[in-house]
Amino acid sequence: MDSMLQVHGLSVEVGGRLIVENVSFSIMPKDKVGLVGRNGAGKTSLFKVLGGAAEPTGGSIVRKGGFGYLPQDPRIQGVPDTRPAVSHVLSGRAIDEQLERIEKLRIAMEEDASERNVARYSRAQDEFSSSGGYAAESEARSIMAGLGLPVDRMDLPIGVLSGGERRRVELSRILFAGSDLLLLDEPTNHLDVDAKNWLLDFMRKYRGALLVISHDLDLLDEAITRVVHLDRPNEDSLGTVYEYRGTYTQYRTARAKDEERLAKVAAQQSKEIARLQAVVDRFGAKATKAAMAHSKEKQIARLEAQRVEVGAGDRTLRVRFPDPPPCGGTVVTATNLSKAYGGPAVFEDVSFDLGRGERLLVLGLNGAGKTSLLRILAGETTANLGDFHFGHQVQVGYYAQEHDNLRTDQSLLDNIRAEVPPNLVYTETQLRGLLGMMGLSGEKVYQESGTLSGGEKTKLALAMLMVGRNNLLLLDEPTNNLDPPSRESVAAALSAWKGAIVFVSHDTEFVERLAPTKVLLMPDGQVDYFSDDWLELVSLA
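Residues numbered from 1 in each chain as written. Predicted model: local features only at pLDDT ≥ 70, side-chain atom pairs only at ≥ 80, totals over all residues. Heavy atoms only, no water.

J.: Quick rundown of the pairing of strand E3 (residues 32–36)? Include the residues and the values.
T.: For E3, the buried fraction is high: five of the five residues fall into the buried class. Across three bridges, the pairing between E3 and strand E7 (residues 209–213) is parallel. Bridge assignment links Val33 to a residue of E7, and that residue is Leu211. For E3 and strand E8 (residues 226–231), the ladder comprises four bridges, and the chain directions are parallel. Each residue of the ladder has a partner; that of Gly34, found in E8, is Val227. (Buried < 20%, exposed > 50% of the residue type's maximum accessible area, 1.4 Å probe, protein only. Helix = DSSP H or I, 4+ residues; strand = E, 2+ residues; numbered from the N terminus. Pairing = 2+ DSSP bridges.)

Below you can see the structure in the form of structure tokens.
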């Protein structure tokens, strides 16, 4: 049986640092493989190369059949805004081109109903039908519906869809394209609970070969047939790939035993190196013992070359946002805000105000305008109608769900330095300390931010909020891409922070930790005091 993905002698480099070298493995039809490793190990960088989004430093990758690659932050790029959403999904298998050809032949036939034109149109229709073209369109619409795109939005131009809807359209295209092989990097990010459950069920039933990175692998437990573990203990380490057969639960049991064994080997090696070094230190200076000391130094060199590295595992972040500076009693007032993108209004007549230290949760289904509202308040776009203003001495920090504010061609250090207000001075040590608090340390701070994983981009964007001395934060899904321990650390830090927050989130636990004062329901603009009754809607939003 031929493999659907064949990786041979693969080497991957990021920012001039080798992540893995000479890695080989294959994925067979119907294999469901989880790619795991500690945060920052390089899983996403490896995945980009496997998916064809980046070039390998060495080695080869062979993919077979219908192939789909989902990056951590899927975006529709290089496509006209006028293209219907369903046409974009159909482009995953080039079916949109076939439909366009049939439409041109139909027009030609109507203009000149010659025997030749009728025959060409009929033949094209028959070929399309016999190759499953019409059934494929039904399949594409079924995927779009499963991911939460309403039927009445499927034929709309891409340009009038919300950011969340466009992401679902792109995910639909990738799932539709990958009829034989799918590579999915954190596919459940950005999805509400219904779409997430549909996608998990889709992956369980998928008949092709699947390679997935996900914080929800435990939800796919029984479907997983194999786990590829990227072991890269530290930033400067060269990664090693280990394969474990069986379910995700079986992998965790086996990996725990391996790590326990490796820790014992590392401890024994360290103990022996220390013993030999003591001999060298004691006798190295004596002429009569010089030969023996030299021999011991060679033994130390051999042991160092064979030394087992043991990582500390995923660090628990200790996050703390700086205290907000004083400001007026009302931090923001919005009056009759409306927004449209060349079609019907996304929302109209939205009004609200927020007091110092209060938290406003913005709720609504996909396409309700939650992100658009935050972008208006952040000055990233303008309202078509209405107005808003900030209170006395209010300083605003904005976290963009899409990480639009990151300078992808600049280092982490340059990104955070660019956010320092003109009246403040931070030393490089202080800036590195803020990055380190978010788990971004060592040589990584000199890496271009565009090479980071989604989780690392989230941590960088949150660190960038810490230099601004803000008393109002606008947060659009700030826990997306974060692993559970990091989510908890960020939630605890924001819960303890004394400033005002306007935020969007479908993470129920995060919302509970932040304890919102008010709820703004979009697109209607209804304002209510928060109670636990709203939590059910949070996971659907």
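There is more to say, and it comes next.
J.: Can you tell me about the sheet that holds strand E9 (residues 240–245), naming the residues and giving the values?
T.: A sheet is described by the order of its strands in space; here six strands give the open sequence E5-E6-E7-E3-E8-E9, paired in mixed fashion. Strand pairing shows two members of the sheet lacking a second neighbour, strand E5 (67–70) and E9, which therefore form its edges. Neighbour-to-neighbour, the strand axes of the sheet open up by a mean angle of 15°, direction not taken into account. Its contacts with the sheet put helix H6 (residues 163–177) on E5 and strand E6 (181–185), and the angle it makes with E5 is roughly 150°. (Axes fitted to C-alpha atoms, helices over the stretch in contact; angles between N-to-C directions. Contact = heavy atoms within 4.5 Å.)

J.: Tell me what's going on with the packing of H6 against helix H7 (residues 193–205), and back it up with residues and numbers.
T.: Between H6 and H7, whose axes approach to 13 Å, the crossing angle comes to 10°. Accordingly, the angle class assigned to the pair H6 and H7 is roughly parallel. Across the interface between the two elements, Arg168, Leu171 and Leu175 of H6 pack against Ala195, Trp198, Leu199 and Phe202 of H7. (Parallel < 35°, antiparallel > 145°, perpendicular 65-115°, else oblique.)

J.: If you had to explain empty space enclosed by the protein to someone new, which residues and values would you point to?
T.: Scanning the model with the defined rule gives two cavities of 30 Å³ or more in all. If you add up the space inside the largest cavity, you get close to 90 Å³. In terms of lining residues, the largest cavity is bounded by 13 residues, among which Pro74, Arg167, Leu171, Pro187 and Asn189 are the most central. A per-element tally of the lining of the largest cavity places H6 first, with three residues. Class assignment for the residues of the lining of the largest cavity results in six nonpolar, three polar and four charged. (1 Å grid on protein atoms, 1.4 Å probe; cavity = no way out; pocket = protein on both sides within 12 Å on 5 of 7 lines; lining within 4 Å. Points joined across faces, edges and corners; volume = space filled by probe spheres on them. Nonpolar A, V, L, I, M, F, W, Y, C, P; charged D, E, K, R; others polar.)

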